[in-house]
Amino acid sequence: MPENHLISKDLHLVLKSPPPWQLSGEGIILIFKFKKNWVENFGLLPKHLEGKFKGGLGYVMLVNYEKTPVGPYHELLIIPGKFRKIKKQAITKIYVDTEVSTQNGRNNWGIPKETLPFTWEKELGKDIIQIKSGDQVIFSTEITHSGLPFPVTTSLLPISLCQIWNKVKYYTKPSGYGWGKLAKIKSLDLDPTFFPDIRDIKPLLAMKISPFHIKFPEPTYGDEPF
């Protein structure tokens, strides 16, 4: 697995911002129906989720958070689907470009964030996004969007997470809403050692959501069986 060389040596200096969080910005959602074999073999799952995939819709999200309790940041994540007998979703790989987001994401909700630099260029009807590790581009995409806007809410695309971090189980159900337009992937390249290789998998649906507002509440903790 790739090493993250950008972790701060002075984590005690990172701003701590407890939940709940109110966030707003814009983002791109790619909706998939991943096959079990692909998730198990190419999903870069953590050990505690291996062999636990239970299906459901999968999401890849690229997010430009413009307002958060810890300032603006960018994000790339994958939710392959549902896991375990309880059939909760899990974020299994996620990158952001500020250390304060990484540390709060881990501590507040057990989200396994890693810190890498992003570039996000916006043109009329187009987003061009790139993520690097050192001099190496590990994810790059160009996505277009057009058409009439339509409302999107988490009641249509529900997310109910169970994350494990440092042997603690966090249960979180974010809620939000926004305005979407249909989107299309014009180009996509990535390094499969850093992010699951979705290059040959066609999404069921792609949307650009702008603007959106989302709330990450305080999590609950439990001992439900894996």
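Use the structure listed above.
Residues numbered from 1 in each chain as written. Predicted model: local features only at pLDDT ≥ 70, side-chain atom pairs only at ≥ 80, totals over all residues. Heavy atoms only, no water.

A.B. asks: Tell me what's going on with the packing of aromatic side chains, and back it up with residues and numbers.
C.D. replies: Applying the stated criterion across every chain, the model contains 9 aromatic pairs. Measuring from centroid to centroid gives 5.5 Å for F53 and F83, while their planes differ by 65°, and the two rings are edge-to-face. Of this pair, F53 sits in strand β2 (residues 53-55) while F83 sits in strand β5 (residues 82-83), placing them 30 residues apart in sequence. The same class applies to F53 as to F83, namely buried. For the pair Y65 and F212, a centre-to-centre distance of 5.8 Å together with 80° between the ring planes defines the contact as edge-to-face. (Phe/Tyr/Trp six-rings, centres within 6.5 Å; stacked < 30°, edge-to-face > 60°. Helix = DSSP H or I, 4+ residues; strand = E, 2+ residues; numbered from the N terminus. Buried < 20%, exposed > 50% of the residue type's maximum accessible area, 1.4 Å probe, protein only.)

A.B. asks: So what's going on with empty space enclosed by the protein? Residues and values would help.
C.D. replies: Scanning all chains against the criterion turns up 2 cavities of 30 Å³ or more. In this structure, the largest cavity occupies an estimated 500 Å³ of space. Considering the residues around the largest cavity, the lining is formed by 34 residues, among which M61, Y65, I159, F212 and I214 are closest to the centre. The set of elements that each furnish at least two residues to the lining of the largest cavity consists of β1 (21-32), β3 (58-67), β4 (73-79), β11 (136-153), β14 (175-190) and β15 (205-216). Tallied by class, the residues present in the lining of the largest cavity amount to 26 nonpolar, 6 polar and 2 charged. (1 Å grid on protein atoms, 1.4 Å probe; cavity = no way out; pocket = protein on both sides within 12 Å on 5 of 7 lines; lining within 4 Å. Points joined across faces, edges and corners; volume = space filled by probe spheres on them. Nonpolar A, V, L, I, M, F, W, Y, C, P; charged D, E, K, R; others polar.)

A.B. asks: Account for a positive patch on the surface, naming residues and giving values.
C.D. replies: A grouping of K33, K36, K54, K82, K85 and K87 is seen on the molecular surface, where their side chains present a positively charged patch. Inspection of the secondary structure assignment puts K87 in the loop between β5 and β6 (88-89). (Patch = residues over 30% accessible without salt bridge, like charges linked within 9 Å, V, L, I, M, F, W, Y side chains within 5 Å. Areas by Shrake-Rupley, 256 points an atom, 1.4 Å probe, with all protein chains shown as cover. Salt bridge = Lys/Arg side-chain N within 4 Å of Asp/Glu carboxyl O. Lys, Arg positive; Asp, Glu negative; His and termini not counted. Charge placed at Lys NZ, Arg CZ, Asp CG, Glu CD.)

A.B. asks: Residue-level account of the environment of K184, with values.
C.D. replies: With respect to the secondary-structure elements, K184 resides in strand β14. Through-space distance from the C-alpha of K184 to that of F53 is 28 Å; in sequence the pair is 131 residues apart. If sequence neighbours within four positions are ignored, K184 has contacts with E142, I143 and T144. (Contact = heavy atoms within 4.5 Å.)

A.B. asks: Go over the layout of surface pockets with me, naming the residues and quoting the values.
C.D. replies: Its boundaries defined by the atoms lining it, the largest pocket holds a volume of some 360 Å³. Lining the largest pocket are 21 residues, with P46, T92, P112, E114 and W165 positioned closest to its centre. Listed by contribution, the elements that provide at least two residues to the lining of the largest pocket are β8 (113-115) and β12 (161-165). Sorting elements by how many residues they give to the lining of the largest pocket places β12 first, with 4 residues. When its residues are assigned to classes, the lining of the largest pocket shows 11 nonpolar, 5 polar and 5 charged.

A.B. asks: Can you break down the sheet that holds β11 residue by residue, with the values?
C.D. replies: Reading across from one edge, β8-β7-β4-β3-β1-β15-β14-β11-β10-β9 is the order of the 10 strands in this open sheet, with mixed pairing throughout. Lying at the two open borders of the sheet, with one neighbouring strand each, are β8 and β9 (118-123). Each adjacent strand pair in this sheet contributes to an overall mean axis angle of 25°, direction not counted. (Pairing = 2+ DSSP bridges. Axes fitted to C-alpha atoms, helices over the stretch in contact; angles between N-to-C directions.)

A.B. asks: How would you sum up the side chain of T141? Please name residues and give values.
C.D. replies: Relative to the assigned elements, T141 resides in strand β11. Owing to a relative accessible area of 4%, T141 belongs among the buried residues under this scheme. In terms of polar contacts, T141 uses its side chain to reach the backbone carbonyl oxygen of S187, at 2.8 Å. Leaving out residues up to four positions away in the same chain, T141 has contacts with L62, D127, I128, I129, I185, S187 and L188. (Polar contact = N/O pair within 3.5 Å; in protein donor to acceptor, adjacent residues only side chain to side chain.)

A.B. asks: Can you break down unusual backbone geometry residue by residue, with the values?
C.D. replies: The peptide bond linking P19 to P20 adopts the cis configuration, its omega dihedral lying at 5°. If you trace the backbone, P20 turns up in the segment before β1. S210 connects to P211 through a cis peptide bond whose omega is -5°. You can see P211 is positioned in strand β15. A positive phi is found at R84, a non-glycine position, where the angle reads about 65°. Relative to the helices and strands, R84 is located in the loop between β5 and β6.

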